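Here is what each chain is made of, one letter per residue.
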Amino acid sequence: MSVTVRIPTPLRRLTNGQDKVAAEGESLDEVIAFLEGQFTGIKARLCDDEGELRNFVNVYVNGEDVRFLDGLGTATKSGDDISVVPAVAGG
């Protein structure tokens, strides 16, 4: 079961410059664990010390914000499109 994960520019140094990577997992948590196995350090950029998504990282599965779904427990299936979007702030 393969999903596509879209990688934002700030994290591409961890994915060898790739803007999209294929990953495996039946939940977002499993997908992130898979990515960590392929690209060491990416989980620490996405998750805090308690293992939850960092406040400044937004993740969407097929356009739906996972914070309004099941968070890291959000189910994934083959063909899903996962987007990692860093929060933008300023003024």
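Participant: Can you lay out the nonpolar core for me, pointing to particular residues and giving the numbers?
Facilitator: Counting 23 residues, the largest nonpolar core has Val 5, Leu 35, Leu 46 and Ile 82 as its most contacted members. By residue number, the principal contributor to this core is helix H1 (residues 28-38), which donates four residues. Contact partners of Val 5, with chain neighbours within four places excluded, come to Asp 19, Lys 20, Val 21, Ala 23, Val 31, Leu 35, Ile 82 and Val 84.

Participant: An account of unusual backbone geometry is requested, with residue identities and associated values reported.
Facilitator: The phi dihedral of Asn 16 falls on the positive side, at around 55°, and the residue is not glycine. Note on placement: Asn 16 falls in the loop between strand E1 (3-6) and strand E2 (20-23). Owing to a relative accessible area of 65%, Asn 16 belongs among the exposed residues under this scheme. Even without a glycine there, the phi angle at Asn 62 is positive, about 55°. The topology assignment puts Asn 62 in the loop between strand E3 (57-61) and strand E4 (64-65). The exposure class assigned to Asn 62 is partly exposed, which follows from its relative accessible area of 41%.

Participant: Describe the side chain of Ser 27, naming the residues involved and giving the relevant values.
Facilitator: Relative to the elements of secondary structure, Ser 27 occurs in the loop between E2 and H1. Exposure remark for Ser 27: the relative accessible area of 14% places this residue in the buried category. Every residue in contact with Ser 27, bar those within four places of it in the chain, is listed here: Leu 72, Gly 73, Thr 74, Ala 75 and Thr 76.

Participant: Outline the side chain of Thr 15, listing residues and values.
Facilitator: The residue Thr 15 is located in the loop between E1 and E2 in this model. Classification of Thr 15 by relative accessible area gives buried; the value is 0%. For Thr 15, the contacting residues outside a window of four places in its chain are Ile 7, Val 21, Phe 39 and Ile 42.

Participant: Account for the environment of Arg 45, with residues named and values stated.
Facilitator: Along the chain, Arg 45 falls in helix H2 (residues 42-46). Measuring from C-alpha to C-alpha, the distance between Arg 45 and Leu 11 comes to 8.0 Å, with 34 residues separating the pair along the chain.

Participant: I'd like to hear about the sheet that holds E1, residue by residue, with values.
Facilitator: Two pairing modes exist for strands in a sheet, parallel and antiparallel, and in both the strands are linked by backbone hydrogen bonds. If you walk across this open sheet you meet the five strands as E2-E1-E5-E3-E4, and the pairing is mixed. For this open sheet the edge positions go to E2 and E4, each flanked by a neighbour on one side alone. The sheet strands contacting H1 are E1, E2, E3 and strand E5 (81-86), and the helix crosses E2 at an angle near 110°.

The rules behind each value
Note that residues are indexed from 1 along each chain, following the sequence as it is written. Since the coordinates come from a predicted model, pLDDT governs what is reported: local features require at least 70, and pairs of side-chain atoms require 80 or more to be given and counted, while whole-chain, interface and lining totals use all residues. Excluded from the side-chain calculation are hydrogens and water; included are all heavy atoms of the structure. In this text, buried Ala, Val, Leu, Ile, Met, Phe, Trp, Tyr and Cys residues form a nonpolar core when linked through side-chain atoms within 4.5 Å. Throughout, exposure labels follow a simple rule: accessible area from a 1.4 Å probe, protein chains only, divided by the maximum for the residue type, with under 20% read as buried, over 50% as exposed, and the rest as partly exposed. Where helices and strands are cited, they refer to DSSP runs of H or I of at least four residues and of E of at least two residues respectively, numbered from the N terminus. Contacts between residues were defined by any pair of non-hydrogen atoms, one from each residue, lying within 4.5 Å. When DSSP finds two or more bridges between two strands, those strands count as paired. To get an axis, fit a line to the C-alpha atoms, keeping to the stretch in contact for a helix; angles then go from 0 to 180 degrees between the N-to-C directions.

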